[in-house]
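The primary structure of each chain is shown beneath.
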Protein chains: 2
Amino acid sequence: MGAGQGDDVRIEVGSGAGTYPVLIRPGLLDDLPGLLSEYAPARRYAVISDDRVAPLYGEAAVERCRAQGLEADLLTFPEGEAHKTRKSWSILTDTMLAARFGRDSVVVAIGGGVTGDLAGFVAATFLRGVPVVQVPTSLVAMIDASVGGKTGVDAKAGKNLVGAFHPPRAVLADPLTIGTLPEEERAQGLAEALKHGAILDEDYFEGLVDEADALMAGRTSSVLAAVVRSVELKAAVVSADEREAGRREILNFGHTYGHALESAAEYRFGHGSAVAVGMILEARLGERMGITESGTAERLEAGLRPFGLGGEELTGLSLSQVMGFLGADKKVRSGSGRFVLLQRLGQLAGDGGWSREAPDDLIAETLVEGLSGGAATVS
Amino acid sequence: MGAGQGDDVRIEVGSGAGTYPVLIRPGLLDDLPGLLSEYAPARRYAVISDDRVAPLYGEAAVERCRAQGLEADLLTFPEGEAHKTRKSWSILTDTMLAARFGRDSVVVAIGGGVTGDLAGFVAATFLRGVPVVQVPTSLVAMIDASVGGKTGVDAKAGKNLVGAFHPPRAVLADPLTIGTLPEEERAQGLAEALKHGAILDEDYFEGLVDEADALMAGRTSSVLAAVVRSVELKAAVVSADEREAGRREILNFGHTYGHALESAAEYRFGHGSAVAVGMILEARLGERMGITESGTAERLEAGLRPFGLGGEELTGLSLSQVMGFLGADKKVRSGSGRFVLLQRLGQLAGDGGWSREAPDDLIAETLVEGLSGGAATVS
């Protein structure tokens, strides 16, 4: 898992409107003004960060832009998924309007997944759309959320239900920012990396497990290699199916159970943790259905363990509640109440479409086992 | 100005995503279920109308759909530009989510320009975008607003500042609905038709003036012919430049002064009336600049008069206020503080881009003349 250092790694992502590059390099943030001028020239930049990331990276980015003669302003919002709302979106938009940003502006989203989604939606709808540049500073954003053009906010009825596809002009990823995160946050991002391996690349999955200690410690070379490989895998998927009409659905592996558990647990554990448990349960479901090779769930579980993933305490959750959320999810997002199933680790079950229905009794059985500590509560 | 009756007139509009048809036929609304099934098949339809149009057309449309076996629900919002807001958008979206509309739904916007813009923006952002079918029932929507893919809502800082480009699957126009409008509303729509003639087709402009009485009375054959020709002209423009990077800007003739006057007058006269006065002033500005053939403003004025357009009382407005709105518009929408100028009636001044800057003193002089009753307050 080596990747060149010094030069940018550059990965092209296909999009309805053409392609855009993901540039990855430790130290890249120092060159932000030059990269913005090159990939998204604008009369004025609206740099959007949450109030935790702003003092870490947002303020410095604006100062650097100004020092290079670019007009840039910092806009902030309160940290956290609870603020990924239409209200935050309205406030940011009105702030930009009051500050007289015009159609020749570009939004620069610096932060984690929440910032990318929220600022991306601001850009998608400001004066009917201005370009956005994604500058992910969390591992989950770098590995997953910043690539693919999904933007949006949450509604009362659920997460990400309001939004738009708005592909960025460029994704600028500096793996040095990952070293400054708490270990728990890196683990949340690594869950998505492990998912990429589980569905598409067994060697990548095993390589991540082998480097678990270095990755959890945030060692730059290991993080860089993981970001590059995950972005390569994700870019290939979304290039083929930006709007999730088909193949992109495979990225939902672990997410059907995962979303329902997250909702039932009222988000008391992170998204990565929920997806990790979801992957184990969906592998067990696939095994029960005779589709997934026997022993796959166990290998997944063993691979997730060094990252502190897959062992969430689920015993407090009720079966009927989780089943209710599975049903609601199914209704609202037709298709995603379905399950993406593995054939074996690193390979999807390919026939019958990208996802499939599962019998309700097997869905429930698998869940009962998980909720009673039989599957997911290894520790 | 003849157009076939009996068969649908069909005009294709080019769009980033392909093309979509505008179908125009008196009585077309009776066949709505069949047309929806053909052009926008869906598991479920969300029919959106305001509370004035709902009892006229929305309820009947839903009943007709259900009678044909289509699943359809009616969603309404309070009539008027004052309700083209993010709040109405949120309520409509949440209502659809609570009613469990999924990604396999289609939004059907039945009504005037406000409904098309608002329901179109709901569709653009619902679960990151579902298709919309535009069913315009006002003349301004039929002739202008429903074609071109612009959707959005107003913000405190101004009209249409938040939105998205979301081309419809189809525009279904039934000119019989125009006969039911008050004469004043028809005049507002005819202002945009006269604009199409003024910038692109002198014969069309003169033909409209010749048929002023029939058009104002809502005679179907005259309305049909005007809708067809205006949609042909507009379709050609937006097909070439959907996102208003260039040529589409010509449709803003009359709108630079028009928007500023509307804002300064706090919308006490209609959009069409504002554009009519704007066209006269912009023709006078062009004459002052030596670009527009002398006498053009006078011909415009004479053509608008039979429609009761171009004679708004402006004497209450202050020069500094209107100039302030012109400046604000210029800042927020870079480009649209510029002016689209005619060479002569039916022909644009073609060199130097689609729009151009004008000297501040001439902008002000033209305005002073208008505000003091010298230009626009013919009666």
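Residues numbered from 1 in each chain as written. Chains lettered and ligands numbered in written order. Predicted model: local features only at pLDDT ≥ 70, side-chain atom pairs only at ≥ 80, totals over all residues. Heavy atoms only, no water.

Draft legend 1. Just the interface of chain B and chain A, in detail. At the interface, 35 residues of chain B touch 35 residues of chain A. Between chain B and chain A, a total of about 3100 Å² is buried, with carbon and sulfur atoms accounting for 54% of that surface. On the chain B side of the contact with chain A, Arg 100, Arg 103 and Arg 128 of chain B bury the most area, a combined 25% of that side's loss. There are six salt bridges connecting chain B and chain A. (Contact = heavy atoms within 4.5 Å. Buried area = accessible area lost by both parts, 1.4 Å probe. Salt bridge = Lys/Arg side-chain N within 4 Å of Asp/Glu carboxyl O.)

Draft legend 2. Representation of the sheet that holds strand S1 (residues 9-15) of chain B in the model. All names here are of chain B. Read across the open sheet, the seven strands follow the order S1-S2-S9-S6-S5-S3-S4; overall the sheet is mixed. The open sheet terminates on both sides in strands that have one partner only, identified here as S1 and strand S4 (72-77). Within the sheet, the average angular offset between the axes of one strand and its neighbour, ignoring direction, is 20°. Across six bridges, the pairing between strand S3 (residues 44-50) and S4 is parallel. In the sheet register, Ala 46 faces S4, and the bridge partner there is Asp 73. (Pairing = 2+ DSSP bridges. Helix = DSSP H or I, 4+ residues; strand = E, 2+ residues; numbered from the N terminus. Axes fitted to C-alpha atoms, helices over the stretch in contact; angles between N-to-C directions.)

Draft legend 3. Seen up close, helix H11 (residues 271-288) of chain B. Residue and element names in this part refer to chain B. For H11, with 18 residues, the first-to-last C-alpha span of 25 Å sits near the 26 Å given by 1.5 Å per residue. Most of H11 is tucked away: 14 of the 18 residues are buried. A positive backbone phi angle near 75° is found at Gly 290, which sits one or two residues after H11. (Expected span 1.5 Å × (residues − 1). Buried < 20%, exposed > 50% of the residue type's maximum accessible area, 1.4 Å probe, protein only.)

Draft legend 4. Molecular detail of the pattern of salt bridges. On inspection of all chains with the given rule, the structure shows 60 salt bridges over all chains. With a shortest N-O distance of 2.2 Å, Asp 8 of chain B and Arg 25 of chain B are connected by a salt bridge. On the criterion of sequence distance, the pair formed by Asp 8 of chain B in the segment before S1 and Arg 25 of chain B in the loop between strand S2 (18-24) and helix H1 (32-39) is long-range, its members being 17 residues apart. Looking at Arg 25 of chain B, the relative accessible area reads 13%, which means it is buried. Among the ionic pairs, Arg 288 of chain B bridges to Glu 365 of chain B, the shortest N-O distance being 3.2 Å. Highlighted residues: Arg 288 of chain B in helix H11 and Glu 365 of chain B in helix H14 (residues 360-371), separated in sequence by 77 residues. Classification of Arg 288 of chain B as partly exposed rests on a relative accessible area of 32%. The class of Glu 365 of chain B is partly exposed, set by a relative accessible area of 40%. Connected through salt bridges with shared partners, the residues Arg 44, Arg 66, Glu 71 and Asp 73 of chain A form a single ionic network.

Draft legend 5. Just the side chain of Thr 296 of chain B, in detail. All names here are of chain B. Inspection of the secondary structure puts Thr 296 in helix H12 (residues 296-304). Among the polar contacts listed, one links the side chain of Thr 296 to the backbone oxygen of Glu 293, at a separation of 2.6 Å. Beyond its immediate sequence surroundings of up to four residues, Thr 296 is in contact with Glu 287, Leu 342, Gln 343, Arg 344 and Leu 345. (Polar contact = N/O pair within 3.5 Å; in protein donor to acceptor, adjacent residues only side chain to side chain.)

Draft legend 6. Spotlight on the side chain of Thr 177 of chain A. Residue position: Thr 177 of chain A is located in the loop between strand S9 (170-173) and helix H6 (183-200). In contact with Thr 177 of chain A, not counting residues within four places along its chain, are Leu 29, Tyr 57, Pro 136, Thr 137 and Met 142 of chain A.

Draft legend 7. Quick look at the relation of the copies chain B and chain A. Note on the identical chains: chain B maps onto chain A by a rotation of 180° and an axial translation of 0.1 Å, with an RMSD of 0.0 Å. These values place the two chain copies in the arrangement generated by a two-fold rotation axis. In this assembly, 100% of the residues forming the interface of chain B have copies in chain A that are likewise at the interface, indicating an isologous arrangement. (Least-squares fit on C-alpha atoms with pLDDT ≥ 70 in both.)

Draft legend 8. View of the pairing of strand S8 (residues 158-165) of chain B. Burial analysis of S8 of chain B places eight of its eight residues in the buried class, the great majority of the element. Counting the residues in the hairpin turn of strand S7 (residues 150-155) of chain B and S8 of chain B gives two residues.

Draft legend 9. Examining the packing of aromatic side chains more closely. All names here are of chain A. Enumeration over the complete set of coordinates arrives at five aromatic pairs over all chains. For the pair Trp 89 and Phe 121, a centre-to-centre distance of 5.2 Å together with 25° between the ring planes defines the contact as stacked. Placement of Trp 89 in helix H3 (residues 86-98) and of Phe 121 in helix H4 (residues 113-125) is noted, with a sequence separation of 32 residues between them. Take Trp 89: its relative accessible area is 0%, and that puts it in the buried class. Pairing Tyr 257 with Phe 339 gives two aromatic rings, centres 5.2 Å apart and planes at 55°, and the pair type is tilted. Within this pair, whereas Tyr 257 is found in helix H10 (residues 255-264), its partner Phe 339 is found in the loop between helix H13 (319-332) and strand S10 (342-344), the two being separated by 82 residues in sequence. Look at Tyr 257 and you get buried, because its relative accessible area is 0%. (Phe/Tyr/Trp six-rings, centres within 6.5 Å; stacked < 30°, edge-to-face > 60°.)

Draft legend 10. Fine view of the sheet that holds strand S2 (residues 18-24) of chain A. Residue and element names in this part refer to chain A. Spatially, the seven strands line up as an open sheet ordered S1-S2-S9-S6-S5-S3-S4, and their pairing is mixed. Single-partner strands in this sheet number two, and they are strand S1 (9-15) and strand S4 (72-77). Ignoring strand direction, the axes of neighbouring strands in this sheet form an average angle of 20°. Along the sheet, H3 contacts strand S3 (44-50), S4 and strand S5 (105-111); its crossing angle with S4, the most-contacted strand, is approximately 155°. Strands S1 and S2 of the sheet are contacted by helix H9 (residues 220-240), whose axis makes an angle of about 20° with S1.

These values are about where atoms sit, not about what they do.
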